[in-house]
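# Chains, contacts and geometry: an overview
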Amino acid sequence: MTDHEITIVDVTESEKGVRKIPMSYRSVTGRAQASGETVPYESTLERDFAYLADFDDEVDTIISQPLCIRYRVNNGRLRRYTVDFLLKFRPQDGLRRRRPGLYEIKYREELRDRWGELEFGFRAARQLCRSRGWSFRVVTERQIRGPYLENVLFLRGFRTYDDNAGLGIRLLETLEELQVTTPAILLAAAFQDLENRAMAVGVMWRLLTMGYIGANLAFPLNMASEIWFEEVLNDDSDAA
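Owing to the predicted nature of the structure, the values given are computational and were not obtained by experimental measurement.

### Description of the pairing of strand β3 (residues 37-41)
Strand direction decides the pairing type here: strand β2 (residues 30-34) and β3, joined by 5 bridges, are antiparallel. Residue pairing across strands places Ala34 opposite Glu37, the latter belonging to β3. Joining the antiparallel neighbours β2 and β3 is a turn of 2 residues, in which Ser35 adopts a positive phi near 55°.

This is how it looks when you write it as structure tokens:
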């Protein structure tokens, strides 16, 4: 750690983002559907981070390019640093609400190659977060990419899956009896006829995204994965 003094001059912030991400021919840019809105990104790694944040039940708000810090190093020239994301969290029953966090998304190779250039902006962000009681974290592909992301990308498509036939109730009743099983065994135990069994596959994955069915998403999810019945307090959710 260097002994350079970081002085924050001012901070510009907006829930709509302080800058628009331009189209680029050198990297993938776009907008990801997350938190009920479209979240801008300027790399596939940022896009994947937004998908992970969107899948996290504790995340309430995802803001891209939320603020720009103007700062000086040792009273030198004025510098600017725009953070990639701000996450705000919702309270959980019986748990302390997680503090808001600023997140910088970078590939490990870019961190190594540009550390001398990036370090001071990161230190300014940490200084700002300490003053606000927030957190700051640099996240790389090591934390983002892997089986958990693959599972999230798979399950995202089932969050609004229709259950017009009411198959979810039968699945949960059967799983409560079995307690711990696999998707294949659950479907076979719940439905004798192949048509309902096939229709129930998407419903089962939807129930998993809703928290009624538990699974370890750190490992690849398939029909032989271990799943279990989750005791969920009554709320406004509808499992049927």
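### Observations regarding helix α1 (residues 44-55)
In this model, α1 (12 residues) spans 17 Å end to end at C-alpha, consistent with the 16 Å of a helix rising 1.5 Å per residue. Most of α1 is tucked away: 10 of the 12 residues are buried. Taken together, the buried positions of α1 are occupied by Leu45, Glu46, Asp48, Phe49, Ala50, Tyr51, Leu52, Ala53, Asp54 and Phe55.

### Quick word on the nonpolar core
Leu171 and Ile213 are the most contacted members of the largest nonpolar core, which has 41 residues in total. Sorting elements by how many residues they give to this core places helix α7 (residues 194-210) first, with 6 residues. Not counting the four nearest positions on each side in its chain, Leu171 is found in contact with Leu186, Leu187, Ala190, Phe191, Ala200, Val203, Met204 and Leu207. Judged by nonpolar contacts, the second largest core, of 20 residues, contains Ile69, Phe122, Ala125 and Trp134.

How each quantity is defined
For every chain, the first residue of its written sequence is number 1, and the numbers climb from 1 along that sequence. Per-residue local features are limited, in this predicted model, to residues with pLDDT of at least 70; the limit for side-chain atom pairs, both in listing and counting, is 80 or more; totals at the level of whole chains, interfaces and linings are taken over all residues. Computation of side-chain values: all heavy atoms of the structure, hydrogens and water removed. Strands qualify as paired when DSSP identifies two bridges or more between them. Helix numbers and strand numbers start at the N terminus; a helix is a DSSP run of H or I with at least 4 residues, a strand a run of E with at least 2. Any helix carries an expected span of 1.5 Å times its number of residues minus one. The cut-offs for exposure are 20% and 50% of the maximum accessible area for each residue type, with area from a 1.4 Å probe on protein chains only; residues under the lower value are buried, those over the upper are exposed, and the others partly exposed. We define the nonpolar core as a collection of buried residues of types Ala, Val, Leu, Ile, Met, Phe, Trp, Tyr and Cys that are connected through side-chain atoms lying within 4.5 Å of one another. Any two residues whose heavy atoms approach within 4.5 Å are treated as being in contact.

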